[in-house]
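Next come the chains, spelled out residue by residue.
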Amino acid sequence: DVLMTQTPVSLPVSLGGQVSISCRSSQSLVHSDGNTYLHWYLQKPGQSPQLLIYRVSNRFSGVPDRFSGSGSGTDFTLKISRVEPEDLGVYYCLQSTHFPLTFGSGTKLEIK
Amino acid sequence: QVQLQQSGAELVKPGSSVKISCKASGYTFTSYDMHWIKQQPGNGLEWIGWIYPGNGNTKYNQKFNGKATLTADKSSSTAYMQLSSLTSEDSAVYFCARTAGGWGQGTLVTVSS
């Protein structure tokens, strides 16, 4: 199975600040079709995860441009700028290039 | 808009089975894969498998072979997951989800005598 290593585990932030979350995979996430199936989700307290970014850098419908994704191969980053209270929760990366699909262990974004 | 409505919480006995439903609306059910994910309290997310309702094809995480069975009813746009031979390790919240966006609200399964 592809191991997804997310760092940091916990990320204190001041409202209005900027943060980055790292996700590294144990093997390349480039699919044979040329696409890279690395996605980012946010799970707010008491809610289901919601899709933020798909295929590395594409914002899902309704996601503000404060969220951006980048990376390639095995190394990926989610950046959040001008952090707002609604951004707090646990962020997960997910790879769907290889079976079984695997998630990162999560990064908890909390107020400093 | 896309909605995935899951069945309610279940309290079941060890050794029994349970079947969870996920009713889809707001899109063409047969055109998108449906995934199932497990989340234990305080833990992360674990992928169980997916089904393509259009033709019934399934793919499982080997870890859940023999534990989970995925089916879909095109007539009611509902996906199902049956969990068998339940133990305390199966106590968790189970989600249905589309990788194209949209998750169910989750179904809590508690295995206890």
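As a reminder, the structure under discussion sits directly above these lines.
Below is a summary of the structure that appears in this document. (Residues numbered from 1 in each chain as written. Chains lettered and ligands numbered in written order. Predicted model: local features only at pLDDT ≥ 70, side-chain atom pairs only at ≥ 80, totals over all residues. Heavy atoms only, no water.)

Overview of the interface of chain B and chain A
You'll often see interface size given as the accessible area lost when the parts meet.
Here's step 1: Contact residues are listed per partner, giving 19 residues for chain B and 11 residues for chain A.
Here's step 2: Note on chain B versus chain A: buried area summed over both sides is about 1300 Å², and carbon and sulfur give 70% of it.
Here's step 3: When the area that chain B buries against chain A is broken down by residue, the three leading residues are L45(B), W47(B) and W103(B), summing to 45%.
Here's step 4: At the boundary of chain B and chain A, one finds zero salt bridges.
Here's step 5: On the surface where chain B and chain A come into contact, there are two residue pairs in polar contact (both at pLDDT 80 or more). (Contact = heavy atoms within 4.5 Å. Buried area = accessible area lost by both parts, 1.4 Å probe. Salt bridge = Lys/Arg side-chain N within 4 Å of Asp/Glu carboxyl O. Polar contact = N/O pair within 3.5 Å; in protein donor to acceptor, adjacent residues only side chain to side chain.)

Regarding the nonpolar core
Most often, soluble globular proteins have nonpolar side chains that are buried together.
Here's step 1: Core analysis: the biggest nonpolar cluster contains 24 residues, and M34(B), W36(B), M81(B), L83(B) and Y94(B) have the highest contact counts within it.
Here's step 2: Of all the elements in the fold, those that place two or more residues in this core are β3 (18-25), β4 (34-39), β5 (45-52), β7 (68-73), β8 (78-83), β9 (92-97) and β10 (107-111) of chain B.
Here's step 3: No other element matches β3(B), which puts four residues into this core.
Here's step 4: Judged by nonpolar contacts, the second largest core, of 23 residues, contains V13(A), V19(A), I21(A) and L52(A). (Core = buried A, V, L, I, M, F, W, Y, C linked by side-chain atoms within 4.5 Å. Buried < 20%, exposed > 50% of the residue type's maximum accessible area, 1.4 Å probe, protein only. Helix = DSSP H or I, 4+ residues; strand = E, 2+ residues; numbered from the N terminus.)

Structural notes on unusual backbone geometry
Here's step 1: The peptide bond linking T7(A) to P8(A) adopts the cis configuration, its omega dihedral lying at -5 degrees.
Here's step 2: Looking at where P8(A) falls in the secondary structure, it is placed in the loop between β1 (4-7) and β2 (10-13).
Here's step 3: If you check the backbone angles, R82(A) has positive phi at about 50 degrees while not being a glycine.
Here's step 4: With respect to the helices and strands, R82(A) occurs in the loop between β8 (75-80) and β9 (89-95).
Here's step 5: The phi dihedral of S77(B) is positive, around 55 degrees, even though this residue is not glycine.
Here's step 6: If you trace the backbone, S77(B) turns up in the loop between β7 and β8.

As for the state of the cysteines
One way to say it: the disulfide is the covalent bond shared by the sulfur atoms of two cysteines.
Here's step 1: In total, this model carries two disulfides over all chains according to the counting rule given.
Here's step 2: Between the sulfur atoms of C23(A) and its disulfide mate C93(A) the distance is 2.0 Å. Taking the torsion about the S-S bond as the criterion, the C23(A) to C93(A) disulfide, at about 70 degrees, is right-handed. Linking C23(A) in strand β3 (residues 19-25) with C93(A) in strand β9, this pair joins segments that are 70 residues apart in sequence. Here C23(A) matches C93(A) in class, with each residue buried.
Here's step 3: A sulfur-sulfur distance of 2.0 Å marks the disulfide that ties C22(B) to C96(B). Measuring handedness by torsion sign, the sulfur bridge of C22(B) and C96(B) sits at about 75 degrees and is right-handed. Residue C22(B) is found in strand β3, and its partner C96(B) is found in strand β9; the two are separated by 74 residues along the sequence. Each member of the pair, C22(B) as well as C96(B), carries the same accessibility label: buried. (Disulfide = S-S within 2.5 Å.)

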